[in-house]
Amino acid sequence: MKSFGCVSRHIKYLLFLKLWLGFVFLSGFFHTNKNVLFWRSSPELVTPHLPCRARTNVMFLKTHKTASSTILNMLFRFTEKHNLTIALPAKQLVHLGYPETFTTSFVEEFQTIGQNYNIMCNHLRFNRLEVQKVMAENTFYFSIVRNPVSQLESSYVYYKDAAPAFRTSKDVNEYLASPMSYYHKVNYKQNIYARNNMWFDFGYDNNAKDDESYIQAVLEEIEQNFHLVLIADYFDESMILLKHALCWDLDDVVYFKLNSRKEDTVQTLTPESKERVKVWCSLDWKLYLHFNQTFWKRIQEIVGLEELEKEVNHLRARQKELMETCLSDWRPVEKTRIKDKALMPFQSGAASILSYNLNQDLDNKSLRTCQKIVMPELQYMSYLYALQHPHKKRKQLGFPLFWNSFQENKTSPSHS
């Protein structure tokens with residue numbers, strides 16, 4: 001019996017050892033394959049099937065002409081909904097120092113508030129070390145890129161009067177036929193919109209040589225700095241992925257397209273011009289190709305294509321419902337047809353930037369919801385600035401400040 005007891009204990013020991021080794025193996029599997037469940041360098045991100053808490057520390061690198069104004073509106077609404085702090089441009093700045101490389105001095109009251117901001121999303125040229133001084137350690141970093149062919153065309157029209165390289169050419173096709181005839185590196189700060197603008201926004205030299213090892217090093221660094229890079233060309237899909245990543249509600253990512261332009265201001269690129277963009281803006285082109293690939297990998301890992309289709313349909317249905325409630329025209333209108341001039345977005349270059357007319361019979365709660373979802377970025381930024389820094393001089397934007405009278409009389413927007 002004594003011998004049998006020893007054997008029995010030995011068997012139990014072996015069973016225990018197998019169970020323990022099995023546990024270690026499974027733990028190692030989930031650890032070594034955590035990119036399947038989590039995004040690299042962000043262990044707090046969970047799968048959409050597990051309970052999660054909405055992320056409230058978020059940094060969005062707002063790139064140019066990439067539908068980023070629409071995302072900015074979402075972040076502004078989220079900031080207000082949850083009474084968060086937001087890193088806003090200091091004094092009379094409307095950007096966080098752009099096109100200068102970002103430093104903390106561009107943030108209003110950074111010396112007082114320190115690393116206690118929840119949201120950062122205004123235009124800046126990315127500088128990781130300085131941004132990290134403003135944002136908490138557990139901040140979620142994301143950005144958005146767009147196919148450089150359409151992005152450059154949009155930049156050309158919007159910055160026609162601002163960029164010397166664009167100013168003297170007849171149209172975008174003429175510019176692309178011989179860009180070096182118009183583009184001069186000595187004017188690089190004025191011409192940042194004319195070549196590799198997204199590369200510049202991420203903090204890199206937009207005139208750098210197209211060197212494979214250099215490009216690969218930059219792409220790897222961007223992957224280290226940002227948890228997610230969205231694709232403007234797949235905007236609804238991007239919003240669903242962002243919703244899962246941040247553990248936000250559907251209404252947090254529902255949107256009306258902002259800062260869009262009138263269709264007849266869009267210039268048609270020739271097939272030759274489209275190919276020339278890929279060479280002239282080769283850094284942006286390779287940036288886009290890389291993150292277009294990683295985007296769909298994230299979709300597969302985090303959402304799945306079947307679930308993605310369902311959720312995109314839900315997003316569009318909710319958007320349609322809100323448009324029916326909020327809008328009198330159901331679509332954006334050109335600047336001459338905007339009834340409330342306080343909803344007039346900033347107009348630039350040859351673009352005619354569209355906005356919305358709201359229904360006149362909205363109740364107070366619906367009116368406030370609708371006003372916020374159509375609010376142009378400068379007006380919304382000015383409003384949040386006044387809320388967060390009430391003792392500071394208000395931003396002088398040069399057109400009616402919608403929210404001044406909105407705070408005094410919440411039954412209707414200002415028409416002054």
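Provided above is the structure to which this section pertains.
Bear in mind that the values here come from a model prediction, so they are computed numbers and not experimental data.

Conventions we followed
For every chain, the first residue of the written sequence is number 1, and numbering continues from 1 along that sequence. Confidence filtering applies because this is a predicted model: local features only for residues at pLDDT of at least 70, side-chain atom pairs given and counted only at 80 or more, and all residues used for totals across whole chains, interfaces and linings. Side-chain figures throughout are based on the complete set of non-hydrogen atoms in the structure, without hydrogens or water. Stacked, tilted and edge-to-face are the three classes applied to pairs of Phe, Tyr and Trp rings, where Trp contributes its six-membered ring and a pair requires centres within 6.5 Å; stacked means planes under 30 degrees apart, edge-to-face means over 60, and tilted covers the rest. Each residue is assigned to one of three classes by its accessible area relative to the maximum for its type, calculated with a 1.4 Å probe on protein chains only: buried under 20%, partly exposed between the two thresholds, exposed over 50%. By definition, being over a ring means that NZ of Lys or CZ of Arg is both within 6 Å of the ring centre and within 35 degrees of the ring normal. A run of H or I in DSSP counts as a helix once it spans at least four residues, and a run of E counts as a strand once it spans at least two, with each numbered from the N terminus. Two strands qualify as a pair provided DSSP detects at least 2 bridges between them. A contact between two residues is defined here by any heavy atoms of the two lying within 4.5 Å. Here an angle of 0 to 180 degrees is reported between the N-to-C directions of two axes, which are lines fitted to C-alpha atoms, with helices fitted over the stretch in contact.

A complete count under the given rule lists 26 aromatic pairs for this structure. Seen from their ring centres, phenylalanine 140 and phenylalanine 142 are 6.1 Å apart, and the 45 degrees between their planes marks the pair as tilted. In this structure, phenylalanine 140 and phenylalanine 142 share a single accessibility class: buried. A cation over an aromatic ring shows up here: arginine 125 above the ring of phenylalanine 200, its NZ or CZ 3.8 Å from the ring centre.

On to unusual backbone geometry, then. In this model, tyrosine 98 is joined to proline 99 through a cis peptide bond whose omega is 10 degrees. The topology assignment puts proline 99 in the loop between α3 (68–81) and α4 (110–113). Backbone geometry places asparagine 83, a non-glycine residue, at a positive phi of 55 degrees. Position of asparagine 83 among the secondary structure elements: in the loop between α3 and α4. Among the residues examined, asparagine 83 registers a relative accessible area of 70% and is labelled exposed. Backbone geometry places cysteine 247, a non-glycine residue, at a positive phi of 60 degrees. Within the secondary structure, cysteine 247 sits in the loop between α11 (235–246) and α12 (250–253). The exposure class of cysteine 247 is buried, given its relative accessible area of 19%.

Read from one edge of the open sheet, four strands run β2-β1-β3-β4, paired in parallel fashion. Looking at strand neighbours, the two that pair on one side only are β2 (119–120) and β4 (228–231), the edges of this open sheet. When strand β1 (residues 58–61) meets β2, the two strands line up parallel, connected through two bridges. Among the inter-strand pairings, methionine 59 is bridged to a residue of β2, identified as methionine 120. Along the sheet, helix α14 (residues 282–303) makes contact with β3 (140–145) and β4, crossing β4 at roughly 100 degrees.

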